[in-house]
Amino acid sequence: LLGLALRVAAAHGLDPWQSALQPFLALCFEADAQSPEKTALVADAARGPAQALMFVRSDGSEALGAGGDAARGWWQALEHALKASGDGKEGSVDASRRRLYSLAAEELLTRRPKESLPEFLTKVLSDGPSWVSLLRLFMKHGRLEDAVDLLTEQVQRCEGAAR
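This structure is a prediction, so every number in the text was calculated from the model and none was measured.

A. View of the side chain of Glu 106. Looking at the element boundaries, Glu 106 is found in helix H5 (residues 95–111). Excluding its chain neighbours within four sequence positions, the residues that come into contact with Glu 106 are Arg 136, Leu 137, Lys 140 and His 141.

So, in structure tokens, the structure goes:
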């Protein structure tokens, strides 16, 4: 689903966030809110070759590396898609990729104000210049403890670099 949506967005010059990632994130939220059986019905509808478009890794019957949990497989697909976005260089995080990570974090903090952000988002956003965006998001959403932890981490990095 997500891989195909991202390819269509790229082919037509559409914003990957609005046309693919944000709707897919909504699917992840919905999957988490409903029973695993109901989520499995959606995944079962795509059994076979089409399921390769639904998950990062699939054997045609279910998401691999997700313990048979379709919702977890979709979260893995989101993480993989964000890692693959931007300039496409492994390990490189350009401005367009950082924007997508920031938008995903904003959406998560808005829809799940009491839950922590997934590690794959905080890891990218707390490293390099994006930490300021993450700090702003934490402050905007009243996550003062997270903001203080992020500032503490950044001060420690600066102290380490100054030595």
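B. Just the side chain of Ser 102, in detail. Mapped onto the secondary structure, Ser 102 falls in helix H5. Assessed through its relative accessible area of 14%, Ser 102 is described here as buried. Beyond its immediate stretch of four places on either side in the chain, Ser 102 contacts Leu 125, Ser 133 and Leu 137.

C. Summary view of helix H2 (residues 16–33). Here H2 contains 18 residues, and its C-alpha end-to-end distance of 25 Å stays within 8% of the 26 Å for a straight helix at 1.5 Å per residue. At Gln 22, H2 shows its maximal bend, which comes to roughly 25°, and the proline Pro 23 appears one to four places after that position. Trp 17, Ala 20, Leu 21, Phe 24, Leu 25, Cys 28, Phe 29 and Ala 31 are the residues of H2 that are buried. On the buried face of H2, the contacting elements are helix H1 (2–11), helix H3 (36–44), helix H4 (70–84) and H5.

About the criteria used
Residues numbered from 1 in each chain as written. Predicted model: local features only at pLDDT ≥ 70, side-chain atom pairs only at ≥ 80, totals over all residues. Heavy atoms only, no water. Helix = DSSP H or I, 4+ residues; strand = E, 2+ residues; numbered from the N terminus. Contact = heavy atoms within 4.5 Å. Buried < 20%, exposed > 50% of the residue type's maximum accessible area, 1.4 Å probe, protein only. Expected span 1.5 Å × (residues − 1). Bend = angle between axes of the 7 residues up to and from the residue.

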